[in-house]
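Working through the structure, step by step
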There are 2 protein chains.
Amino acid sequence: MITLKEIAKECGVSTATVSNILNGKNKVSEETREKVMAVVKERGYKLNYVAQGLRKQKTQTIGVIAEDIVQFTTPEIIEGIMEVCEERGYRTIVQNLRLYSRWQDLWFDNEKMYYSVMDPAVQEMASIRVDGIVYVAGHARNIHRFPSEYQIPSVLAYAYSQEKDVPSVVIDDEEGARLIVEHLIKKGHTKIGVMAGEQENIHTKLRILGYQKALFDAGILYNPELVCYAGWGKELSYGAAEELLSKDITAIFCMSDRNAGGVYKYLFENGKQAGRDISIVGFDDEMISDFMTPRLTTMRIDRLQIGKRAVEFLFDKMEGKEVPDEIKVPCRLIDRESVLEL
Amino acid sequence: MITLKEIAKECGVSTATVSNILNGKNKVSEETREKVMAVVKERGYKLNYVAQGLRKQKTQTIGVIAEDIVQFTTPEIIEGIMEVCEERGYRTIVQNLRLYSRWQDLWFDNEKMYYSVMDPAVQEMASIRVDGIVYVAGHARNIHRFPSEYQIPSVLAYAYSQEKDVPSVVIDDEEGARLIVEHLIKKGHTKIGVMAGEQENIHTKLRILGYQKALFDAGILYNPELVCYAGWGKELSYGAAEELLSKDITAIFCMSDRNAGGVYKYLFENGKQAGRDISIVGFDDEMISDFMTPRLTTMRIDRLQIGKRAVEFLFDKMEGKEVPDEIKVPCRLIDRESVLEL
DNA sequence: TTGTACGCGTTATCAG
DNA sequence: CTGATAACGCGTACAA
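Because the structure is predicted, anything quoted here is derived from the model rather than measured.

Considerations on the protein's contact with DNA strand C
The full set close to DNA strand C counts 27 residues, and L4(A), Y45(A), R55(A), S14(B) and R55(B) are the nearest of them. Close to the protein, within 4 Å, the atoms of DNA strand C belong to sugar or phosphate groups at a rate of 70%. Residue S14(B) places a main-chain N or O atom 2.7 Å away from a phosphate oxygen belonging to DNA strand C. Looking at the surface near DNA strand C, the elements with two or more residues in it are α1 (4–11), α2 (15–22) and α4 (49–56) of chain A together with α2 (15–22) and α4 (49–56) of chain B. For the surface near DNA strand C, a count of residues per class yields 9 nonpolar, 13 polar and 5 charged.

Dropping the structure here:
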């Protein structure tokens, strides 16, 4: 591949001049500029970012560390990050921890395993000399320790930070839950069960809070017996559906669309239907919610926005601006046909 | 960030010695090795890939150009690529063309628009000096021109190549379609409608071929009137469902799970059900197919495998091995509950 | 076994 | 306006 030096030689000028021309420094005569540009085009010269990075001590690159690129929230978050980076003339480099494919859910309890993958990833980013890092969570929700030895400005997307100097962009779980439960209440429901996620998970806890708040605002007693913890997947909530439905309820607030899918499955097998025999709402607005029959009313997580806000946040930090510890991205109600008006 | 030179100075040895130690060249005494390693660890030295890349003229990096990272097939393909790269000690850098978010479907007819995004992406990869490129398609199916001016070894994943020196990894559309239609025939169906994708699309054409083949093998006449072209989404096939269902058929072969979703919607609204009143099969095995009621029988596209095969293919090419023009990854039948046995 | 010196491709500095 | 030259951090002949 042809280099700047060769271009210079071919034009009979110095490398400095070629560099100046390429970088639009206006201390160059029109004559030489044209001549050089002609050769550049003709020979298909392409700047070498590697050399440039070395010289400038700046790579114009943002590193993205994703816990799992196949997690449904991740691609859109990354898309948001990339969109903003492109606008700003930054490149992006993505690392994929592949947490799930490595260990399924086993790693969750094991910090040592987790950091055995996480630390090298950050080191890689350091070696690449990225100018900043966005960590995109997919499974873990609390990041206890983010290696800061390298002083690379970093932000967390879709995870709650436990470190002062690593701020985070999260969704407003509590308000999202409050809104969707309020929606049920407005439709006349007062006996509302909950198909919740993992009990110790922070999203679960915050959404329970939102649920309680909505009940409180409507003067409805909170009955812990109506809350059923069933992980985030379809299978467990399918198994738990019978018991929950046997209680005296008219609606179920599912903490994920997949949970709702489990309930739908149970209903289907028993000749019942959401939006007719009982009301169901979900959370996430995954694509599946639009393909369920009837289509599921749910809360949209604005994943693109999470990504965008996260990098903007990061750029602010890189420029030395004062930044808050946390930004909350609101959720939006997607009203479909799974809720019955009483 | 601390450099090799500084480590050397601090240890009272030369940079060459430190470099040799770090790279495991065995011309170093155990004594100095230990001393140097101690300092390296203590000071948190991290190799500078930028400098190394410049010096070695090799970046150990594979570039991934994705048409759309939010396309449902893309993340898993990339995951497969990354898995193999990691095994081989290669880094990965991803570019996202964001075709859909830029222009929705408008670009499809406009090669100029397309290449206005595609060319710079390849140039970027060239500037980064990646050692090879995997192009991951999401929308386009025929890549007519892949910029080869930079002589970077390249392969296409999930797209059909039109260029000799750019081979591709695709799925076996024809055989996949044949298999699933054969499945219907085995269940006793002979009057099988088709909810097809875009008429001019290569996947559509190949799958029609597979459909015809299955009919032929079973001695069933091919009736073009039973084929309905409805794009790849849910809406058009919802609109087309009524007409198709009014024909004398007992089963529908949908060319995508989303198409099947449109048919399901129509059925639901008319009090009918797949797997009871009519048989439906899909294609893709998107997650939605597992959440439809009843769950959809469909063909699984092995996306992970596409990614893996594509990079392995690329590595072969980089090593100068002889490679075929095309590799076909087989599809697999996922048998669920949307097909009725006659 | 260890050190010296050069070059990879670019940009910044300064002198002409 | 243009050119010579010195970095940037690392790897590697070659010399010691």
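Following the structure, the description resumes.
Considering the packing of helix α5 (residues 74–87) of chain A against helix α13 (residues 303–318) of chain A
Residues and elements named next belong to chain A. At a minimum axis separation of 6 Å, α5 and α13 run at an interaxial angle of 45°. Overall, the two elements α5 and α13 adopt an arrangement that is oblique. The handedness of the crossing between α5 and α13 is right-handed. Where α5 abuts α13, its residues E76, I77, E79, G80, I81, E83, V84 and C85 lie against R303, L304, I306, G307, K308, V311, E312 and F315.

Thoughts on the sheet that holds strand β13 (residues 326–329) of chain B
Residue and element names in this part refer to chain B. Pairing within the open sheet is parallel, and its 6 strands lie in the order β2-β1-β3-β5-β7-β13. The open sheet terminates on both sides in strands that have one partner only, identified here as β2 (91–96) and β13. Neighbour to neighbour, the strand axes of the sheet diverge by 20° on average, direction disregarded. Most of the contacts of helix α13 (residues 303–318) go to strand β5 (residues 154–157), to which it runs at about 165°, and overall it touches β1 (61–66), β3 (132–136), β5, β7 (168–171) and β13.

Thoughts on the interface of chain B and chain A
Interfaces are often described in size by the accessible area the parts lose on coming together. Across the boundary between the two partners, chain B contributes 51 residues, which contact 51 residues of chain A. Of the roughly 4,900 Å² buried between chain B and chain A on both sides combined, carbon and sulfur atoms contribute 63%. Broken down residue by residue, the surface that chain B buries against chain A is led by E79(B), R129(B) and F291(B), which jointly contribute 14%. Seen at the junction of chain B and chain A, the total is 8 salt bridges. Across the pair E86(B) and R102(A) runs a salt bridge whose closest N-O atoms are separated by 3.3 Å. Our enumeration of links across chain B and chain A arrives at 19 residue pairs in polar contact (both at pLDDT 80 or more). Mapped by element, the contributors of at least two residues to the side of chain B that touches chain A are α4, α5 (74–87), β2, α6 (99–103), α7 (111–128), α11 (257–269) and α12 (288–291) of chain B. If you tally residues by element for the side of chain B that touches chain A, the top one is α5(B), at 7 residues. For the side of chain B that touches chain A, the class distribution of residues is 22 nonpolar, 12 polar and 17 charged.

The rules we used
- Residues numbered from 1 in each chain as written.
- Chains lettered and ligands numbered in written order.
- Predicted model: local features only at pLDDT ≥ 70, side-chain atom pairs only at ≥ 80, totals over all residues.
- Heavy atoms only, no water.
- Near = heavy atom within 4 Å.
- Polar contact = N/O pair within 3.5 Å; in protein donor to acceptor, adjacent residues only side chain to side chain.
- Helix = DSSP H or I, 4+ residues; strand = E, 2+ residues; numbered from the N terminus.
- Nonpolar A, V, L, I, M, F, W, Y, C, P; charged D, E, K, R; others polar.
- Axes fitted to C-alpha atoms, helices over the stretch in contact; angles between N-to-C directions.
- Parallel < 35°, antiparallel > 145°, perpendicular 65-115°, else oblique.
- Left-handed = near helix turned anticlockwise from the far one by under 90°.
- Contact = heavy atoms within 4.5 Å.
- Pairing = 2+ DSSP bridges.
- Buried area = accessible area lost by both parts, 1.4 Å probe.
- Salt bridge = Lys/Arg side-chain N within 4 Å of Asp/Glu carboxyl O.

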